[in-house]
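Overview (structure and organization)
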Amino acid sequence: MNPPRIGLRCDAGPHTGVGHLVRCLALGGEFLARGARVELFGTVDRVGWAAAQLAACGIPVHPGPDTPAGLVEAARTHALDAFVLDSYELDPAGAGALRAAGVVTLAVVDGDTRGQDADLYLDQNFGADTPDGHPTGGAPGDGRLLAGVRYALLRDTVTAARPAAPPPATPTPRPRVLAFFGGTDAVGAAPVLTRVLLGTGHPMALTVVVARPGIEAELSQLGTGRGQSLHLVAPTDALPTLIGAADLVVSAAGTSTWELCCLGAPAALVCVVDNQRDAYRRVVAHGLAAGLGELPEMAAPGLAGRAARADAARTLRALLASPRRRAALAARAWATVDGRGRQRVAGAVLTRIADRTGVLKPC
């Protein structure tokens, strides 16, 4: 019996970021663990660590078709049983074309299904399983939607680092702070938030993950205050270890939010792009992380920008001074994401393959 063959369609690069690729890698790892063959279709541009991860997993990379006909041709050429589509840029008709060709299709969405006609939809955002979780896009109500953080796709390195319990409140006069904003920091959040963190005046050992040389050059010129230190590191596979060692994590409100929750990290989030806004507001409202506001407002010139940065600094200063506040965030976050989402998603896809082919696939 031949193993199922799974295609992953996503892109990663300086302008698109790496969030789509990270969650596809997590799901691909689960398929591989279940004996499937996995191939990626897309562009991985100037993201060396991601290309290295794909190579280490043995996932070959092919050019990413953009049209419905191209997707169907790729599926036929590579004898795919299923295609995972994770892109805001693809023609929405691609999912329906693949279904019509007999290929099981999973569309990864963030609130808006964009009119795609897929066998399964995955929206791993917090609150996506509530009545108001899909304000646009006509999310189906026929059992095809895998919604909420119980389906969050997390990598091996994250699930392996999940602690048995959330971290307790630990007083420290000089908290260890980790700041990172995605694999490419496409919108330049690191310089803004690093200045806000140092501007709190609170003692801290601050580590910032810098995704691009230009950002590193800018941050290396910053001065630190009394009791403060600034350490710059490149994107690394050891990020879960850095998260686990931090007293506070400052990050963008993207796919890494679910990694932070799974690891029980006390976190403060900034909304860096529009499509993060709904999930960001829900996470903050439910006390899974502190909210620092929206990056465009914080980066704005003049009085408005100064006011937004001052608000964020007040929130950070309160967290840095209060182990109990940090521990409360960590406990709620840890209890919300159990790290088994990718198993649930892979199981649903393999079940669909078995239903369509009539052949029991390895699980």
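See above for the structure.
Residues numbered from 1 in each chain as written. Predicted model: local features only at pLDDT ≥ 70, side-chain atom pairs only at ≥ 80, totals over all residues. Heavy atoms only, no water.

Topic: the overall build of the protein
Let me state the cut-off plainly: Helix and strand assignments come from DSSP, with helices taken as H or I runs of at least 4 residues and strands as E runs of at least 2, each series counted from the N terminus. Note on method: radius of gyration uses C-alpha positions; expected globular size equals 2.2 Å times residues raised to 0.38. Burial status follows relative accessibility: with a 1.4 Å probe on protein chains alone, a residue under 20% of its type maximum counts as buried, one over 50% as exposed, and anything between as partly exposed. Residue contacts are counted whenever heavy atoms from the two residues lie within 4.5 Å of one another. Here the accessible surface of atoms and residues is derived via Shrake-Rupley with a 1.4 Å probe, and residues count as covered only by protein chains that are part of the display. The charged-residue count follows a simple rule in which Lys and Arg add positive charge and Asp and Glu add negative charge, with His and chain termini not counted at all. Every charge is mapped to an atom, namely NZ of Lys, CZ of Arg, CG of Asp or CD of Glu.
For the protein, the count of helices and strands is 14 helices and 13 strands. For the protein, the C-alpha radius of gyration of 21 Å lies close to 21 Å, the compact-globule estimate for 363 residues. By principal-axis analysis of the C-alpha atoms, the protein measures approximately 65 × 35 × 35 Å. Within the span of the protein, comprising 363 residues, buried residues form 54% of the whole. The contacts in the protein between residues at least 6 apart in sequence include a share of 67% that link residues at least 24 apart. Surface summary for the protein: the accessible area is close to 14,900 Å², and the carbon and sulfur share equals 54%. Between the centroid of the 35 positive side chains of the protein and the centroid of its 32 negative side chains there is a distance of 8 Å.

Thoughts on the nonpolar core
In plain terms, the rule: Remark: nonpolar core denotes a set of buried residues (Ala, Val, Leu, Ile, Met, Phe, Trp, Tyr, Cys) joined through side-chain atoms within 4.5 Å.
Grouped together as the largest cluster of nonpolar side chains are 35 residues, with contacts concentrated most on Ile6 and Phe31. Within the residue set of this core, elements represented by two or more residues are strand 1 (5-9), helix 1 (19-33), strand 2 (37-41), helix 2 (48-57), strand 4 (82-85), strand 5 (104-108), strand 6 (120-123) and helix 14 (341-357). Here the element with the most residues in this core is helix 1; it accounts for seven residues. When sequence neighbours within four positions are dropped, the list of residues in contact with Ile6 reads Phe31, Ala36, Arg37, Val38, Glu39, Leu80, Ala82, Val84 and Ile353.

With respect to the side chain of Gln53
Its location among the elements puts Gln53 in helix 2. Classification of Gln53 by relative accessible area gives buried; the value is 14%. The contact partners of Gln53, leaving out residues within four places of it in the chain, are Leu25, Arg155 and Asp237.

Looking at the pattern of salt bridges
The criterion, for reference: We define a salt bridge as a side-chain nitrogen of Lys or Arg found within 4 Å of a carboxyl oxygen belonging to Asp or Glu.
Applying the stated rule across the entire model yields 20 salt bridges. The salt bridge involving Asp110 is made with Arg23; its shortest N-O contact spans 2.9 Å. Separated by 87 residues along the polypeptide, Asp110 in the loop between strand 5 and strand 6 and Arg23 in helix 1 bring together distant segments of the chain. A salt bridge links Asp117 to Arg144, with the shortest nitrogen-to-oxygen separation between them at 3.3 Å. With Asp117 in the loop between strand 5 and strand 6 and Arg144 in the loop between strand 6 and strand 7 (145-147), the pair connects residues that are 27 residues apart, well separated along the chain. For Arg144, a relative accessible area of 15% gives the class buried. A single network of salt bridges, built from pairs that share partners, joins Arg99, Asp117, Asp119, Arg144 and Arg356.

As for the sheet that holds strand 12 (residues 267-271)
Applied cut-off: For two strands to be treated as a pair, DSSP must find no fewer than two bridges joining them. The angle between two axes is taken between their N-to-C directions and runs from 0 to 180 degrees, where each axis is a line fitted to C-alpha atoms and a helix contributes only its stretch in contact.
Ordered in space as 10-9-8-11-12-13, the six strands form an open sheet in which the pairing is parallel. Among the strands making up the open sheet, the edge pair consists of strand 10 (228-233) and strand 13 (290-294). Strand after strand, the sheet turns through a mean of 15 degrees between neighbouring axes, direction not considered. Here strand 9 (residues 204-209) pairs with strand 10 via six bridges, running parallel. Each bridged residue has a counterpart across the sheet, and for Val209 the counterpart in strand 10 is Val233. Lying on the sheet, helix 10 (residues 277-285) is in contact with strand 12 and strand 13; it crosses strand 13 at an angle near 150 degrees. Across the sheet, helix 12 (residues 302-321) lies against strand 8 (176-180), strand 9, strand 11 (248-252), strand 12 and strand 13, angled at about 160 degrees from strand 13, the strand it touches most.

A look at the environment of Gly182
As for its position among the elements, Gly182 is in the loop between strand 8 and helix 6 (189-199). Accessibility expressed as a relative area gives 38% for Gly182, which makes it partly exposed. Sequence separation between Gly182 and Leu21 is 161 residues, and the spatial gap between their C-alpha atoms is 11 Å.

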